[in-house]
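Residues per chain are reported as follows:
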Amino acid sequence: MKYKILAKDGRAKRADVETVHGTIHTPVFMNVGTVAAIKGAVSTDDLRGIGTQVELSNTYHLHVRTGDKLIKELGGLHRFMNWDRPILTDSGGFQVFSLAGLRKIKEEGVYFNSHIDGHKIFMGPEESMQIQSNLGSTIAMAFDECAPHPCTREYMENSVARTTRWLARCQAEMARLNSLPDTVNKEQLLFGINQGGTFEDIRIAHADTISKMNCDGYAVGGLAVGESHEEMYRILDAVVPHLPEEKPTYLMGVGTPANILEAVDRGVDFFDCVYPTRNGRHGHVYTNHGKINLFNEQFSKDMRPIEDGCQCPACRSYSRAYIRHLLKAKEMLGMRLCVLHNLYFYNTMMTEIREAIENHCYAEYKEKKLEGVTGNYKDKV
């Protein structure tokens, strides 16, 4: 991997990340395809058409269904889903948080009961690396614990210390796997994850520790789990300067357009979030004048596109009235068009962000964009 900063504007960075599956232009929003598909009947051809750079899939979910060993047998995740651009796989660590009622955390790893059929699963650092190696993703994430919010200082300190020990085990196992002759992607990259909740000193100490471990990139995890946006920005202000500037920085599971705009201003390169797809499936679409709920009666006769000037597949061909009709009739096409629009909106926003940083006008761009995306749609149009 080669990471090259092309421009800076304040703390905002415009960089290129060269990988075995192509170059990633950052800041980048990774489109979330949990089980190797974007929810909403969106194909990989669609993703290419709307400017997707990186697809993100979920280690735990692909392990329990369809199975990483079968995907390896079929040539790896890229071949399986017909995607020739970079893929990032998370480690399963978030499921340690989200499936709290179904797991036990030990030093060796985490014991799960599958959320599908209840069968027992064990996943530790080595198992997570093996699954991600079988998938052959471009970037693998280290196995960590995303601690609950809120939690005690004692719990967080113990959790973060264990996450650091797990990172060392991940590194050793990935080095072993990348040396094997039958490995799908021998150039698989590993990103370490910073944890510490909203405890600034724990976050900073952990960032300093893992920065010395020479990972290919670094993520800030354990945010967007219940803390306020102000708390998240405070932690980013504190911790990002303690992560290597010459490596990519990834804010996991974030977020809204406003969250992304603020985090870019704090030096973050990579983002992912289910918001654009989840909201789209419920008829909520993003515009530069705020978010619209297409289920609302006011759009029943509105023959305009979702957003004038938008070049997404929905806006090029269909009206708000028609898409609302599809949603009300529970036709899958309505959901699909809303998801495509939202992903296009996010991907296009990232292009605008990169251009603003290159042109050293990010502060002005951010202020104008925030005024639009956080506005009340009725007041704007």
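Since the structure is predicted, the reported quantities are computational estimates derived from the model, not experimental observations. (Residues numbered from 1 in each chain as written. Predicted model: local features only at pLDDT ≥ 70, side-chain atom pairs only at ≥ 80, totals over all residues. Heavy atoms only, no water.)

(A) Region of interest: the overall build of the protein. Secondary structure assignment for the protein yields 16 helices and 16 strands. Relative to the 2.2 N^0.38 estimate, which gives 21 Å for 381 residues, the radius of gyration of the protein is 21 Å and therefore close to what a compact globule would have. Taking the principal axes of the C-alpha coordinates as reference, the protein spans close to 60 × 45 × 40 Å. For the protein, the residues scored as buried account for 56% of the 381 residues in total. Taking the intrachain contacts of the protein between residues at least 6 apart in sequence as the baseline, contacts between residues at least 24 apart amount to 67%. (Helix = DSSP H or I, 4+ residues; strand = E, 2+ residues; numbered from the N terminus. Rg over C-alpha atoms; globule rule 2.2 N^0.38 Å. Buried < 20%, exposed > 50% of the residue type's maximum accessible area, 1.4 Å probe, protein only. Contact = heavy atoms within 4.5 Å.)

(B) Representation of the nonpolar core within the structure. Leu236, Leu251, Ile260, Phe271, Leu294, Ile353 and Tyr362 are the most contacted members of the largest nonpolar core, which totals 85 residues. Here this core takes 13 residues from helix H14 (residues 332–358), the largest share from any one element. With sequence-adjacent residues up to four places away left out, Leu294 is seen in contact with Gly283, Val285, Phe299, Ile306, Arg320, Ile323, Arg324, Leu327 and Cys338. Residues Tyr3, Val17, Val28 and Val32 belong to the second largest nonpolar core, which totals 19 residues. (Core = buried A, V, L, I, M, F, W, Y, C linked by side-chain atoms within 4.5 Å.)

(C) Just the state of the cysteines, in detail. In the structure shown here, the tally under the stated rule is zero disulfides. Cys215 takes part in no disulfide bond, and the closest cysteine sulfur, belonging to Cys170, lies 8.9 Å away. (Disulfide = S-S within 2.5 Å.)

(D) Here's a closer look at unusual backbone geometry. The omega angle of the peptide bond from Thr26 to Pro27 is 0°, so this bond is cis rather than trans. With respect to the secondary-structure elements, Pro27 resides in the loop between strand S3 (22–26) and strand S4 (28–32). The linkage connecting His149 with the following residue, Pro150, adopts the cis geometry, with an omega of -5°. The phi dihedral of Asn82 falls on the positive side, at around 60°, and the residue is not glycine.

(E) Region of interest: a nonpolar patch on the surface. A cluster of nonpolar residues, Leu70, Leu74 and Phe80, forms a patch on the protein surface that exposes about 250 Å² of accessible area. By the secondary structure assignment, Leu70 is in helix H3 (residues 68–73). Residue Leu70 is classed as partly exposed on the basis of its relative accessible area of 37%. (Patch = residues over 30% accessible without salt bridge, like charges linked within 9 Å, V, L, I, M, F, W, Y side chains within 5 Å. Areas by Shrake-Rupley, 256 points an atom, 1.4 Å probe, with all protein chains shown as cover. Salt bridge = Lys/Arg side-chain N within 4 Å of Asp/Glu carboxyl O.)

(F) Geometry of the pairing of strand S2 (residues 12–19). Counting buried positions over the eight residues of S2 gives seven, a clear majority of the element. As defined by bridge partners, strand S1 (residues 2–9) adjoins S2 across seven bridges and the pair is classed as antiparallel. By the bridge assignment, Lys4 is partnered in S2 with Asp16. If you look at the hairpin formed by S1 and S2, you'll find two residues sitting between the two strands, and Gly10 has a positive phi there, around 65°. Bridge analysis of S2 against S3 gives five bridges, and the strand direction is antiparallel. Across the sheet, Glu18 pairs through a bridge with Thr23, a residue of S3. Linkage of S2 to S3, two consecutive antiparallel strands, is achieved through a turn of two residues. (Pairing = 2+ DSSP bridges.)

(G) Examining the packing of helix H7 (residues 153–178) against helix H8 (residues 200–211) more closely. The contact between H7 and H8 brings their axes to 11 Å, and the two run at 10°. By the criterion of interaxial angle, the relationship of H7 to H8 is roughly parallel. Counted together, Arg153, Met156, Glu157, Val160, Thr163, Thr164 and Leu167 of H7 and Asp201, Ile202, His206, Thr209 and Ile210 of H8 form the full contact between these two elements. The residue makeup of the contact of H7 with H8, split by class, is five nonpolar, four polar and three charged. (Axes fitted to C-alpha atoms, helices over the stretch in contact; angles between N-to-C directions. Parallel < 35°, antiparallel > 145°, perpendicular 65-115°, else oblique. Nonpolar A, V, L, I, M, F, W, Y, C, P; charged D, E, K, R; others polar.)

(H) Focus on the sheet that holds strand S9 (residues 120–123). An order of S7-S8-S9 is seen for the three strands of this open sheet, with the pairing classed as antiparallel. In the strand order of this sheet, the two ends are held by strand S7 (103–105) and S9, each with one partner. Ignoring strand direction, the axes of neighbouring strands in this sheet form an average angle of 15°. Taken together, the three bridges between S7 and strand S8 (residues 110–113) define a ladder with antiparallel strand orientation. Along S8, the bridge assignment pairs Ile105 with Val110.

(I) Representation of the environment of Gly76 within the structure. Looking at where Gly76 falls in the secondary structure, it is placed in the loop between H3 and helix H4 (77–81). The sequence separation of Gly76 and His229 amounts to 153 residues, and the corresponding C-alpha distance is 37 Å. Beyond its immediate chain neighbours, meaning those up to four positions away, Gly76 contacts Ile71, Asn134, Leu135 and Val184.

(J) Region of the structure containing helix H13 (residues 320–328). Listing the buried residues of H13 in full gives Arg320, Ala321, Ile323, Arg324, Leu326 and Leu327. Remark: Lys330 follows H13 within two positions and exhibits a positive phi of approximately 60°.

(K) Geometry of the packing of aromatic side chains. The tally for this structure, following the rule as stated, stands at nine aromatic pairs. Where Phe191 meets Phe270, the ring centres are 5.9 Å apart and the plane angle is 80°; that geometry is what we call edge-to-face. Taken together, the residues Phe191 in strand S11 (residues 189–194) and Phe270 in strand S14 (residues 270–272) connect sequence positions 79 residues apart. Grouped by ring-pair contacts, the aromatic residues Phe29, Tyr286, Phe345 and Tyr346 constitute a single cluster. Here the guanidinium or amino end of Arg162 rests over the ring plane of Trp166, the centre of that ring lying 5.7 Å away. (Phe/Tyr/Trp six-rings, centres within 6.5 Å; stacked < 30°, edge-to-face > 60°. Lys NZ or Arg CZ within 6 Å of the ring centre and 35° of its normal.)

(L) Just the packing of helix H10 (residues 257–264) against H14, in detail. In contact at an axis separation of 12 Å, H10 and H14 are set at 25° when each is read in the N-to-C sense. With respect to their mutual orientation, H10 and H14 come out roughly parallel. The two elements H10 and H14 meet at a crossing, and its hand is right-handed. Note on element contacts: H14 touches H10 through Phe345, Tyr346, Met349, Met350, Ile353 and Ile357, opposite Pro257, Ile260, Leu261 and Val264. Looking at the contact of H10 with H14 residue by residue, the classes come out as 10 nonpolar, no polar and no charged. (Left-handed = near helix turned anticlockwise from the far one by under 90°.)

Purely spatial values, then, with no claim about function.
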